[in-house]
Amino acid sequence: MTTPDPVISTQIIAYELHVTGQVQGVGFRPFVHQLATTHGIAGWIQNQKGNVIIHAQGHTDVLDIFFHQLKYHAPAISEVVIQHKNRVSNIDVLKFEIQDSPTDQAGLENHIHIPIDYPICKDCLRELKDPEDRRFRYPFINCTQCGPRYTIIQKLPYDRQNTSMADFSLCPDCNNEYLDPANRRFHAEPVACPVCGPQLHYVDNSKQVDDTQSALTETITALHAGKIIALKGIGGYHLICDASNDLVVSTLRQRKHRPDKPFAIMFPLQGQDGLDGIRKHVEIDSQSEALLTGPIHPVVLLPIYNYGQLSKQLAPGLDHLGVFLPYSPLHQLIVNDFNGAIVATSANISGEPVITDNDEAEQRLSSIADAFLHHDRPIVRPADDSVYQLVNQQPQVLRLGRGISPIEMTLPVTLDKPVLAVGGHMKNTIALAWDNRMVLSPHIGELDSPKSLATFEQVITDLQQLYEIEPELIVCDAHPNYRSHRWAKATGKPVHEVFHHHAHASAIVLEHAETIATKKQTKLPWLVFTWDGLGYGEDSTLWGGETLFGQPGQWQRIASFKPFNLPGGDKASRQPWRSAAALCWHTGHRYVPDKVISDKELTLTRQAWEQQINCPQTTSVGRLFDAATAFTGLTENCSYEGQAAMMLQSQCDELELTKPMPLNKNSENILEADWSYLVPLLQNTTLTISQRATLFHSTLAATLINKVERLYVQYGPFNIGLGGGVFQNKKLTEFIMAQLQQQGYEVYINHKIPCNDGGLSAGQIIEAATITKYL
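In this text the structure is predicted, and so the values were computed from the model without any measurement.

Enquirer: Please provide a residue-by-residue account of the packing of aromatic side chains, values included.
Expert: One pass over the full model with this rule turns up 18 aromatic pairs. Here the aromatic rings of tyrosine 138 and phenylalanine 140 are separated by 5.6 Å at their centres, their planes lie at 65°, and the arrangement is edge-to-face. Given a relative accessible area of 1%, tyrosine 138 falls into the buried group. Aromatic rings pair up to connect Phe529, Trp531, Phe561 and Phe727 into one cluster. In this structure, arginine 381 packs its charged tip against the face of tyrosine 150, placed 5.1 Å from the ring centre. Geometry around tyrosine 677 places lysine 659 over its ring, the cationic atom sitting 4.7 Å from the centre.

Enquirer: Can you lay out the sheet that holds strand S2 (residues 42–47) for me, pointing to particular residues and giving the numbers?
Expert: Spatially, S4-S1-S3-S2-S5 is the arrangement adopted by the five strands of the open sheet, whose pairing is mixed. The sheet terminates laterally at strand S4 (79–88) and strand S5 (96–99), the two strands that pair on one side only. Ignoring which end each strand starts from, the neighbouring axes of this sheet average 20° apart. Across four bridges, the pairing between S2 and S5 is parallel. Paired with glutamine 46 across the bridge in S5 is glutamine 99. Docked against the sheet, helix H1 (residues 28–38) engages strand S1 (12–22), S2, strand S3 (52–59), S4 and S5, running at close to 165° with respect to S5.

Enquirer: For the nonpolar core, give the residues involved together with the corresponding values.
Expert: Core analysis: the largest hydrophobic core is formed by 70 residues, its most contacted members being Ile265, Ile278, Leu321, Val343, Leu411 and Met438. Per element, the largest residue contribution to this core is six residues, and it comes from helix H22 (residues 760–771). The residues contacting valine 343, other than those within four sequence positions of it, are Leu239, Ile240, Cys241, Ala243, Val249, Leu252, Phe263, Ala264, Ile265 and Leu314. Counting 67 residues, the second largest nonpolar core, distinct from the first, contains Ile112, Val335, Phe456 and Val459.

About the criteria used
Residues numbered from 1 in each chain as written. Predicted model: local features only at pLDDT ≥ 70, side-chain atom pairs only at ≥ 80, totals over all residues. Heavy atoms only, no water. Phe/Tyr/Trp six-rings, centres within 6.5 Å; stacked < 30°, edge-to-face > 60°. Buried < 20%, exposed > 50% of the residue type's maximum accessible area, 1.4 Å probe, protein only. Lys NZ or Arg CZ within 6 Å of the ring centre and 35° of its normal. Pairing = 2+ DSSP bridges. Helix = DSSP H or I, 4+ residues; strand = E, 2+ residues; numbered from the N terminus. Axes fitted to C-alpha atoms, helices over the stretch in contact; angles between N-to-C directions. Contact = heavy atoms within 4.5 Å. Core = buried A, V, L, I, M, F, W, Y, C linked by side-chain atoms within 4.5 Å.

And the structure:
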C-alpha cells in the first residue's frame, strides 16, 4: 500500500516574523531566500537593528514546514530566536526577495547582535587549494560561513557599505556571486577576489613587494632564513618565526623583552583531521580535538610529551604548550608553504593590546621584526587570539578574543537602566548591560600604558555605538588606584564600586544562573572560594584567599588565610622571593635567597618589613604560590604574571589527600587557614622539587575541602564555586572538584567567562544589578 501524498492547503496566508539572535553576518538571509524559493513561498526578508524581518506568504501546510526548517536547519554558525510570529494581510508579491536595509532606522526596535569573526570554512579551504579556482591562493577568500565580521564592522546593519570593505568595489564576477541566490557568496558582505579585493604588501629594510603572491614568497623565504615577521591577520598583527629554530626564538625573546613567557605555536594542517602535526608534540583527546578544529580555532593549552624538532625555548619551565591551527586563509597559506610550525604570538608591547594599524606596526615593532607582511583591509577594532584549556574535559576560556567575543549573555535579572562595568586593571575587559542582556568585550590587557587606555576607551565607545546603548551607571573595582576606577570617576556619571572578590564570586553565579534555575536551586546560597593574586578588600587590605557566603550583593566573608605583610607591595608579584622572605620572617625562620638577591637588598627589605614601610597586609593564595616557588628554587624573580604558579604546577605530580592547614577563628570570627607549618617543609631540600610542589598543591586542596566540611555544619546546604586566577591551575582545580563531588557537593567553575580578572566586569554587572535593587 502506497502512502498518499500530503494534502496541501489551497489557502494562501501570510505571516510576519521578527527573528533575533545571531542572524546577521552568518548567511541567514541567503539561507531563508533559498528555503523560501524551494518551497514556493513569496515575500521578503530585511536586516534591521540586529534582527531580521521576514514576510512569508504561501500555503498553510508549506509555511509550517518552512517555519520548522527556518529554526532547525539554519546555518551552523547562526542562532535563531523567533521573537514574534504574527498573521498579517497578504501582499501583491510573486517571489521571495532580499530587501535592502532601511536607510532610516530611527524608532526601530533594538535587537542588535554583533557577529564574531569565523575561521575559514571547508569550502573556502578547498577553493584556496584548487589551481582551477579563480580564488586559488587568495589570502582573503571568504563566504557567508566564514571570514571577518566583528573586526571589520563600522556600524550596523551588517551591510558591506558599513564595513571596512566598503572601499573595495566588487568586480563583475564577485558582484554576480553576491547577487546570485544559488551562490554560497550570496550577500556575503566581505566577499572579494584577487581582482577587486585586499592585497598583501611585504616590506623589509631592502625592498617593498606589492604583488600578493610575491609577497607570500618573500615571507616564506624570510622565515626559512631565520627572520621574524610582523604579520597582519584578522584582528591584529602576529609576530611569527620558525618554531624549530632556537636562535630565532631566542632572538624574538630578547627583542620583545619576553625572556620566559610561553609562545603560542601554529601548526599546518596534517592528516585527515588536520591535527597530526600537533599530535607529535602534545597530548590530545576528543575534547581538545573538537576545540582545536571547531568554530573558534583558539589557542589551546595542552600537555607536552615530546618537543621533537621544536625549540625548547617555546615554553621554558612549563609542562604544557599553547597550540592552534591556522584560522584565516592567509595563515593557512603561510604555514602550508613553510611546511612547519611557526611561533605566532601577539604583536604588541608587553601587556598592551595587539597592534592593528600598518603604520603603527612599522613604527612600534621596527626593533622586533625583520620584515612586515601587511594587507590593506583596515582592522576596525582589535581581537587577540582566544586562549582555552580543558578542565574536567570541558573547555575553559582563559582569554576572550577572536571567534568568541564579544560574548552575549542573558542576565538572570532585568535592569531598569543601562550599565557599563569597566573591570579591573590586569587582563581588562568591559561589559555593557541593559534590560536582561549583557555583552562582554574581548580581552583588552593591562591598563598600564597610554596605548592600553586608548584601546580601553575605544572598546567602550565601540560597544556603545554598535549596540546603541548609553549607560546611565558606571561600575568599577573598588581599588582607588586602578586606572579603570579613576576613569569611571572621571566620567561624571553615577559610579558604583564593587569589591574585587565579590565580582569574582558573582561571575560564577551569573554563568551558572540558568543551570541553577533548572535545578530549582535559586534560593540556595553560595559558598565561593575566591583565590587569586591581589584584590582590594572590604577592610582596605589586599585580599586573595577568601571564602564568601551568600548571594550577589550579599556576600559575607567567612573564611580566609592567615594574613602576612608583603614587602615591596606590587613588586612582590614579579619577585617571589619577597613573599618567601615574608613567610620566613613571620614564622621566625631564616630566609636564604639565591645569589641573585644581594645581601644589601635583603637587609633593606627586612628593615622595611620590620618598620612596615610599603608592606601591605594580604591573604593572597597567589603570593603563597610565589613563596612556594621561591622556596623550591624554581625561580625567585618572574618576567610575567603568574609565572611562578605555572612553573610550580608543572613540577607537580598527582595530588593526594594530605594534612590540611590548621583552621582557627580570628577576632572577627573568620575561619583562617594557617600556612606557617608549610614554611620549613617547603625549604626541606631532602625532598625533591616535585615532592614539595605536590605537597603544596595537595595541602591547599585539603585545606579547601576541610573548610567546606567545617562550614557546611554552620551554613549548609549551599552551592560551591571556585573563582579567581588561582583556579586556572588545572591540577589543583580538577583534584578539588573530584574530591568534593565524591562527597555529593555541587561544584561550579567558570567556563565561558574567564575565572581570572578578565571576568571581573561580568561579575560587576550582577553585583550592581543586585545592590542597586534592579530586581
